[in-house]
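Tertiary structure, described
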Amino acid sequence: MTLASPAPERTQSKSAQNKNGSEDFPLVPSPTSVRAALRDPSRLRTEVLAGLVVALALIPEAISFSIIAGVDPRLGLFASFTMACTIAIVGGRPAMVSAATGAVALVIAPVAREYGMDYFLATVILAGLFQMVLAALGVAKLMRFIPRMVMVGFVNSLAILIFLAQLPHLIGVPWLVYPMVALGLAIMFLLPKVTNVVPAPLVAILVLTAAAVAWGWSVPTVGDMGELPGSLPTFLIPNVPFTLETLRIIAPYAATMALVGLLESLMTAKLVDDITDTHSSKTREGWGQGIANTITGFFGGMGGCAMIGQTMINVKASGARTRISTFLAGIFLLALVVVGGDLVARIPMAALVAVMILVSYATFDWHSIAPATLKRMPLSELAVMAVTVGVTVLSHNLAYGVVLGVLAAFVVFARRVAHFTSVERIETADTNGDGTVDTATYRVSGELFFASSNDLVYQFDYTGDPARVVIDLSDSHIWDASTVAALDGIRTKYASKGKTVEIVGLNDASAARHGLLSGHLGEGH
């Protein structure tokens, strides 16, 4: 499939010069540079149109998520506006779209239902503050511990969830919806083969809307999703008592929202990094999410995080690369619902469903399930991907899927590494010269940690060995307290039979850990 591609990067006419005035290399503007986009009409047009497409796609999503959270649709729409505009300025990943999301809605829905709107908004604000604290603590650095197959599972899960979210708009609807969706998909598949001047999703939305209005087709529209606001969001302070009881109520929900929002946002940022071949600051993105949620709460919004579907529309389908598109998506959203609400309400849902189905198709990593890949990939790696996808799709919660996927990957890794650990009885010796064997030496090879060292205690012949035993760890490394405890247990078992154990060959780090913990971990068995 050929998607609309971003405007080609243009090399600046002037070249960098060294001190002698000779040319070294041409200066190439960063693909995420706002200044470069503002100077290039072609790139600016791409950013503006991408922002408009994203804004149109955000409206029904924001309304749907508001319904999930059990709040007025205005809270979802206002959240999408404030999140998009704020994150475009303070976020760390250009072109990534943040707005009201289903994951956040599910987490904090009980607050609105059980305690009311003021507590709901206070929860959003506190979640933003938690995210800023987590960003300051360096939680973004944990992204390095997410294996590739978890990332692939994350991407495929998102694609599946995006598609499943469209099914309610395809079941029990007038028959005209189906040919409209098919026409929209055909436009988006074929138009990029002809021209990339205008994003194909925008053309599909305009064509289907014009057809539905011109011929008076009776099909579900954006207006059927909920009432659109007629005024701008205003600053407010939640009317809740500033007491420990209030904190006790909202803190658990706020903490969960903060973690879920950061996880989804950082994972999405990494995905956009891979798609665009550019790097982003995950720590700044964490700060940006916190600031955006805090501002959103004070302006009556339900909060949110990065939206994979709208981000893929922006980056992959429309070719945007800078903060301009994200900022304009928020501006266009507010203008469309406040000023042009009557027109927006007439957009057929079939047009937006077609856009999201295309996004689902483009997001899925089809290579990951190709027969050749499945045949070549180790079963353990496929299991990690399957766990991530299965948990995410069943729970409709990306955080659960990613966390369990990472845990599965760690278990697989630990099991694989543990199998490389071995114990070999290499020699016995007569050190007294009296013809009797009084020393046995064992050589331990491999990485010693909880998964490999727990069975270490069963690898020695406590009864048959002579009075002195040497354990050679020259080819090993002690990584944790479990290994030290296992070595203490071995020493204890030999001591109970009147035999001594000498541990040799420790490297500096292993010797330091062993010296610090040995004898201080209980009974050692």
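Residues numbered from 1 in each chain as written. Predicted model: local features only at pLDDT ≥ 70, side-chain atom pairs only at ≥ 80, totals over all residues. Heavy atoms only, no water.

Quick look at the layout of surface pockets now. Gaps between atoms show up when a probe of the same size as a water molecule is rolled over them. In this structure, the largest pocket encloses a volume near 720 Å³. Lining the largest pocket are 33 residues, and of these E61, F65, G102, L161 and A165 sit closest to its centre. Among the secondary structure elements, those contributing two or more residues to the lining of the largest pocket are α2 (41–69), α4 (102–115), α6 (148–164), α9 (244–276), α11 (308–317) and α14 (349–363). Taken together, the residues of the lining of the largest pocket sort by class into 21 nonpolar, 10 polar and two charged. At the level of elements, α9 and α17 (398–418) are the ones that each hand at least two residues to the lining of the second largest pocket. With eight residues, the single largest contributor to the lining of the second largest pocket is α17. Taken together, the residues that form the lining of the second largest pocket break down as 19 nonpolar, two polar and no charged. (1 Å grid on protein atoms, 1.4 Å probe; cavity = no way out; pocket = protein on both sides within 12 Å on 5 of 7 lines; lining within 4 Å. Points joined across faces, edges and corners; volume = space filled by probe spheres on them. Helix = DSSP H or I, 4+ residues; strand = E, 2+ residues; numbered from the N terminus. Nonpolar A, V, L, I, M, F, W, Y, C, P; charged D, E, K, R; others polar.)

Direction vectors running N to C along α9 and α17 enclose 75°, while the axes themselves pass 9 Å from each other. Considering their axes alone, α9 and α17 lie roughly perpendicular with respect to each other. Contacts between α9 and α17 involve V260, L263, E264 and M267 from the former and L398, A399, V402 and V403 from the latter. Of the residues contributing to the contact of α9 with α17, the split by class is seven nonpolar, no polar and one charged. (Axes fitted to C-alpha atoms, helices over the stretch in contact; angles between N-to-C directions. Parallel < 35°, antiparallel > 145°, perpendicular 65-115°, else oblique. Contact = heavy atoms within 4.5 Å.)

This part is about helix α7 (residues 177–194). Between its first and last C-alpha atoms α7 spans 26 Å; for 18 residues at 1.5 Å apiece the expected length is 26 Å, and the two agree. Buried within α7 are the following residues: V177, M180, V181, G184, L185, I187, M188 and P192. Summarising the contacts, the buried residues of α7 are in contact with α8 (200–214) and α14. (Expected span 1.5 Å × (residues − 1). Buried < 20%, exposed > 50% of the residue type's maximum accessible area, 1.4 Å probe, protein only.)

Opposite charge on two side chains lets them pair, provided their charged atoms get close. Taken as a whole and assessed by the stated rule, the structure comprises eight salt bridges. Among the ionic pairs, R416 bridges to E381, the shortest N-O distance being 3.6 Å. Remark: E381 occurs in helix α16 (residues 379–395) and R416 occurs in helix α17; sequence separation between them is 35 residues. In this structure R416 comes out as partly exposed when scored by relative accessible area, which is 36%. E381 sits in the partly exposed class, given a relative accessible area of 24%. D465 serves as the salt-bridge partner of R425, at 2.8 Å between the closest nitrogen and oxygen. Linking R425 in strand β5 (residues 422–429) with D465 in the loop between α18 (450–453) and β7 (468–478), this pair joins segments that are 40 residues apart in sequence. Its relative accessible area of 3% is what places D465 among the buried residues. (Salt bridge = Lys/Arg side-chain N within 4 Å of Asp/Glu carboxyl O.)

Before going further, it helps to examine the confidence of the model for the protein chain. Predicted coordinates in areas of low pLDDT are best not read in detail. Looking at the protein chain as a whole, the pLDDT averages 86, with 92% of positions reaching at least 70. Confidence drops under a pLDDT of 50 for residues 1–27, and excluding neighbours within four residues, the segment shows 47 contacts in the predicted structure. (pLDDT = per-residue confidence, 0-100.)

When you tally the buried positions in strand β6 (residues 439–448), you get seven out of 10 residues, the bulk of the element. Two elements, β6 and β7, share nine bridges in a ladder whose sense is parallel. Bridge pairing links L448 to I478 in β7. (Pairing = 2+ DSSP bridges.)

This part takes up the side chain of Q310. As for its placement among the helices and strands, Q310 is situated in helix α11. There is a polar contact of 3.4 Å between the side chain of Q310 and the backbone oxygen of A57. Other than its neighbours up to four places away in sequence, Q310 contacts V54, A57, L58, E61, V97 and M356. (Polar contact = N/O pair within 3.5 Å; in protein donor to acceptor, adjacent residues only side chain to side chain.)

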